[in-house]
Amino acid sequence: MLDVKELKKSYGDLEAVKGISFSLGAGDIFGFIGSNGAGKTTTIRMLATLLEPSYGTAFLNGVDIRKDPMQIRRMLGYMPDFFGLYDDVKVTEYLDFFASLYEIPARKRSLIITDVLAMTNLTGKKDAFVQSLSRGMQQRLCLARCLVHDPMLLLLDEPASGLDPRARAELKDLILELGKSGKIVIVSSHILPELADFCNTVGIIERGELLAFGSVDEVVRNHRPTRIIEVKLIARAPEGAKQLIHMPGVLDAQATADDELKIDFNGDLDGQAELVSCLVKNGLRVTAFRELQADLEDVFLKLTKGAVN
Amino acid sequence: MNEFDHETSEEMPHFEPVLRPKTEEAQEPSMGQKWKSASKRWAKESSLAYFSNPAARRDFKVQFRGGKSGWLIAIYLFILSALTLFEYQQAASPFNPIDNMQRQLHELYQVIMIALGVGVALVAPALSATAVVIERQRRSLDLVFCAPVRPRTYLIGKLLASFRFVWILLALSLPFTGICIMLGGATWLDVIGSFFMMSVLGLIYTSIGLLFSSRVEKPLTAVFYTYTTVVASIIGSVTVASMSTNGDPFNSLQNALATLFNPLTLTQGVEGFTPIFGIPIPNLALAAVISLGIIRLCLGAAGSVLAPQSALERSNLRLSAAGALAIATGIATYSILPVVGFTPGLILNWILLPLAVFVPFLSCYGYDGEQRTLPNGLFKLGEIFKGTPAGGLPQILLTVLLCGGAAAVGSIMAGAGLGLGFATYGLYAVGLWTFGWACGRVASSFLGGVRASQMLQIVIFGVALAVPTSIVGYIAAQNADRAGGAFGSAILNTINPLYPFVNAGSPMHALGWGVVFLMTSIGGAAWSESNRRRRLIKRAKRVVPSDAVGA
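Residues numbered from 1 in each chain as written. Chains lettered and ligands numbered in written order. Predicted model: local features only at pLDDT ≥ 70, side-chain atom pairs only at ≥ 80, totals over all residues. Heavy atoms only, no water.

S.K.: Talk me through the packing of aromatic side chains; I want residue IDs and the actual numbers.
M.R.: Scanning all chains against the criterion turns up 22 aromatic pairs over all chains. The interplanar angle of 65° and the centroid separation of 5.6 Å between the aromatic rings of Phe446(B) and Trp527(B) together place this pair among those described as edge-to-face. One end of the pair, Phe446(B), is in helix H18 (residues 419-446); the other, Trp527(B), is in helix H22 (residues 507-541), with 81 residues separating them in the sequence. Given the relative accessible area of 46%, Trp527(B) is considered partly exposed. Counting every residue linked through ring pairs, the aromatic cluster contains Tyr428(B), Trp433(B), Phe435(B), Phe461(B), Trp513(B) and Phe517(B). In this structure, Lys8(A) packs its charged tip against the face of Tyr55(A), placed 5.1 Å from the ring centre. (Phe/Tyr/Trp six-rings, centres within 6.5 Å; stacked < 30°, edge-to-face > 60°. Helix = DSSP H or I, 4+ residues; strand = E, 2+ residues; numbered from the N terminus. Buried < 20%, exposed > 50% of the residue type's maximum accessible area, 1.4 Å probe, protein only. Lys NZ or Arg CZ within 6 Å of the ring centre and 35° of its normal.)

Spelled out as structure tokens, the structure:
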């Protein structure tokens, strides 16, 4: 279990992370969402014991990251947003080096390396030099490195950046697999649809503050902007927009060229029914009426307003 | 506490872990158990560091991959063979008298050892100076340090990998030196002693390379600093050796300890002894102990830079540095007092000179840096060795006191005694370095950056000492031949802050300047603190633009 308590990092007057707190359990895949410079990497580096928090702490399975960083390092795997690979070694040598850093006995290393290579689909490249691997393969090798000591927590900072769609899909499957095996996975990204696909928990961070935290549904439900309702008419859409703009709860109504109405609505289900009856009463012929589902991206844009970049 | 003070660790609430590990619920282990587990951990870490170091294995494998190393070794062997053949041809002429032949064979040995020395001085820094900085550029250091690896273990790995290459070069030259032994140019003791010292020098150069490699951002800078330091150490060792033998630097070095720290002259000091507290100690043993101290300090300094959460490494380094300086003071006082006409107080002040390099680091954190390190006041004993602003002065004072104590012991052992003069020179040392610290505090309260405030400290401290000294020196030179020059010169000496530094018999000057330095330091520190607080209040009142926040 990971328990983050009021984690804060200041650089002089600048507060990069402003006391964030959250808890994750085994099997949780946590999507850490934020703009560039929002504080994701700083938080992840603090959890990886590479940065000392200015205040607060985190416990991984009861061990304090500030008091016993060496013990914490045995329990986590960290994949930064850069590869940091040694070009001049072979894939197995690279993994063997990190396995020995984690004090894995020599007799067990080759078996473990074979396993992680199989898991990351790199078995065929085990004797290749690292510099000869493609970007996607290097990314998988980084992930394999994180897995050699079977960590309980995986910190993946922008793991999908620069990968082609196939490599992304493979990475997604792999992360899901790791989550199923009971590991806590923290994935930072700003590619939101991707995170919504495989994360069961998300957190939105902006200017160092955790603005939202919970399951994707919870976050969307609690923080979604006004509902968008799409109405399809046979004709006279601009007239329909004029009618609806004065209805209670309607913030905006726009007619599109193909006789559709996009209504920005802030009311309940009764209010929605009133919209339909208003249109019908005014002689407009409705062929479709549906509420568009808000997604993580809408919530993110609402909460962050894109101020940090 | 005022409203601008940051949270300190004492003020932090106690966070309870949600899930405590089972071990914590068990009964508190006894002292014996704690000691046993600590020694077990130490043995395991040492075994990993020295015998199965992953960093050493990886680096060594990479060093020997491809034909580069083979070519390097071949060129090295070719040069050694050519030199040996050339010298042998000179000596083995049938018209050469036997005594001349003997001398030339000894020269052959010297030439081979000098070639080896040049090789070690060139190869060891080249291998180590880029070892860490390249990893930093490649950004693989983070990956290494998020594994349970201490900087010490990692640096020992780098040291071993670089040094193993040096040792291969030494081993490959053995057949050539063997020829010298067989032909009578050298004895076994010469060769073993020289090889031992060459290896130790290789280790020192490697650790100097690692130190700069850890501290700088570019490989070229690291290489430049390392070679500069190596060259300076070679020149410095000749100078010290010639000073200690009171003679010609190149003809009177026989058996001087300092010659061992120069790869070009070390064959001359191998058989020497240095009396310590009346007991003749082999130079080789002394050199090995001193070298271990240097290596430890270099690796400690490198480790304190690399440690992500560096309290332990930093404390170890600072404690080791203070201890090493104190030991050096004791030995120097004991050894130098009977030879030259210095007083123990003067030796103490001279040996504390390296503090000029360290005081900027101990006193300057920059205005912004202090906010980060927590503005924790001017003086807290509990913060000593922690690398915080409040720990700077305690550490400086402790270092001066330790060295003062060591100088006193050395002086008593040498039979020179102490007297009031030593006390006044001690007070002068305390005052001088407290003043250096106060200059750092003032600089830190004005400038935001660490480096900028360190530079300002050096300027303030240097100007405050050097300007009166230069003026006094100039006026004294202008008036030297005038009537009453001696009286005028006495007055001028009184206003020269460095006069006690160059004059062994001026306890009143030392006392006076010690008090002046201390008073000025108190004033300067108080001023810097009020300036810092004023700036904090000013900054707090200013609205920080919200879009200035980032990761």
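S.K.: Can you explain the packing of helix H9 (residues 237-244) of chain A against helix H10 (residues 269-281) of chain A? Please cite residues and give values.
M.R.: Residue and element names in this part refer to chain A. Interhelical geometry of H9 versus H10 gives an angle of 125° and a closest axis separation of 10 Å. Looking at the two axes, H9 sits oblique to H10. Of the two elements, H9 crosses H10, and the hand of that crossing is right-handed. In this structure, H9 contributes Gly-240, Gln-243 and Leu-244 to the contact, and H10 contributes Leu-275, Cys-278 and Leu-279. The residue makeup of the contact of H9 with H10, split by class, is 4 nonpolar, 2 polar and no charged. (Axes fitted to C-alpha atoms, helices over the stretch in contact; angles between N-to-C directions. Parallel < 35°, antiparallel > 145°, perpendicular 65-115°, else oblique. Left-handed = near helix turned anticlockwise from the far one by under 90°. Contact = heavy atoms within 4.5 Å. Nonpolar A, V, L, I, M, F, W, Y, C, P; charged D, E, K, R; others polar.)

S.K.: Pulling in residues and values, what's your account of the environment of Ala167(A)?
M.R.: Here Ala167(A) lies in helix H6 (residues 165-180). Put simply, Ala167(A) and Gly179(A) are 12 residues apart on the chain and 18 Å apart in space, counted from C-alpha to C-alpha.

S.K.: Tell me about the confidence of the model for chain B, and please be specific about residues and values.
M.R.: The predicted coordinates should not be examined in detail at positions where pLDDT is low. All names here are of chain B. Mean pLDDT over chain B works out to 82, with 85% of the residues at or above the 70 mark. Per-element confidence in chain B is highest for helix H10 (residues 188-215), whose mean pLDDT is 92, and lowest for helix H1 (residues 22-25), whose mean pLDDT is 47. When the criterion is pLDDT under 50, residues 19-25 qualifies, and its contacts beyond four places in sequence or with other chains add up to 7 contacts. Confidence drops under pLDDT 50 across residues 543-551; counting only partners more than four residues distant or on other chains, this segment forms 17 contacts. We note a pTM of 0.79 for the whole complex and an ipTM of 0.81 for its interfaces. (pLDDT = per-residue confidence, 0-100.)

S.K.: Please give an account of the pairing of strand E8 (residues 184-189) of chain A that cites residues and values.
M.R.: All names here are of chain A. Of all 6 residues making up E8, 6 are buried, and the element is well covered by its neighbours. Both faces of E8 are covered, namely the face carrying Ile-184, Ile-186 and Ser-188 and the face carrying Val-185, Val-187 and Ser-189. In this structure, strand E3 (residues 29-34) lies alongside E8, joined through 5 bridges in parallel fashion. Looking across to E8, one finds that Ile-33 is bridged to Ser-189. (Pairing = 2+ DSSP bridges.)

S.K.: Can you lay out the pattern of salt bridges for me, pointing to particular residues and giving the numbers?
M.R.: Tallying each qualifying case throughout the model produces 21 salt bridges over all chains. Between Arg150(B) and Glu45(B) there is a salt bridge, with its nearest N and O atoms 3.4 Å apart. One end of the pair, Arg150(B), is in the loop between helix H7 (141-145) and helix H8 (151-172); the other, Glu45(B), is in helix H2 (residues 31-50), with 105 residues separating them in the sequence. The exposure class assigned to Arg150(B) is partly exposed, which follows from its relative accessible area of 26%. Across the salt bridge formed by Lys158(B) and Glu135(B), the nearest N and O atoms sit 2.8 Å from each other. Of the two residues, Lys158(B) sits in helix H8 while Glu135(B) sits in helix H6 (residues 131-138), which places them 23 residues apart along the sequence. Like Glu135(B), Lys158(B) is buried. Where salt bridges share partners, they join Asp88(A), Arg58(B), Asp59(B), Glu135(B) and Lys158(B) into one cluster. (Salt bridge = Lys/Arg side-chain N within 4 Å of Asp/Glu carboxyl O.)

S.K.: Account for empty space enclosed by the protein, with residues named and values stated.
M.R.: Using the criterion set out here, one finds 5 cavities of 30 Å³ or more in the structure. Taken as a whole, the largest cavity holds about 100 Å³ of empty space. Taken together, Val89(A), Glu93(A), Asp96(A), Phe97(A), Ser100(A), Pro54(B), Arg57(B), Arg58(B) and Lys61(B) make up the full set of residues lining the largest cavity. Residue assignment for the lining of the largest cavity shows that the elements contributing at least two residues are helix H3 (91-101) of chain A together with helix H3 (54-63) of chain B. (1 Å grid on protein atoms, 1.4 Å probe; cavity = no way out; pocket = protein on both sides within 12 Å on 5 of 7 lines; lining within 4 Å. Points joined across faces, edges and corners; volume = space filled by probe spheres on them.)

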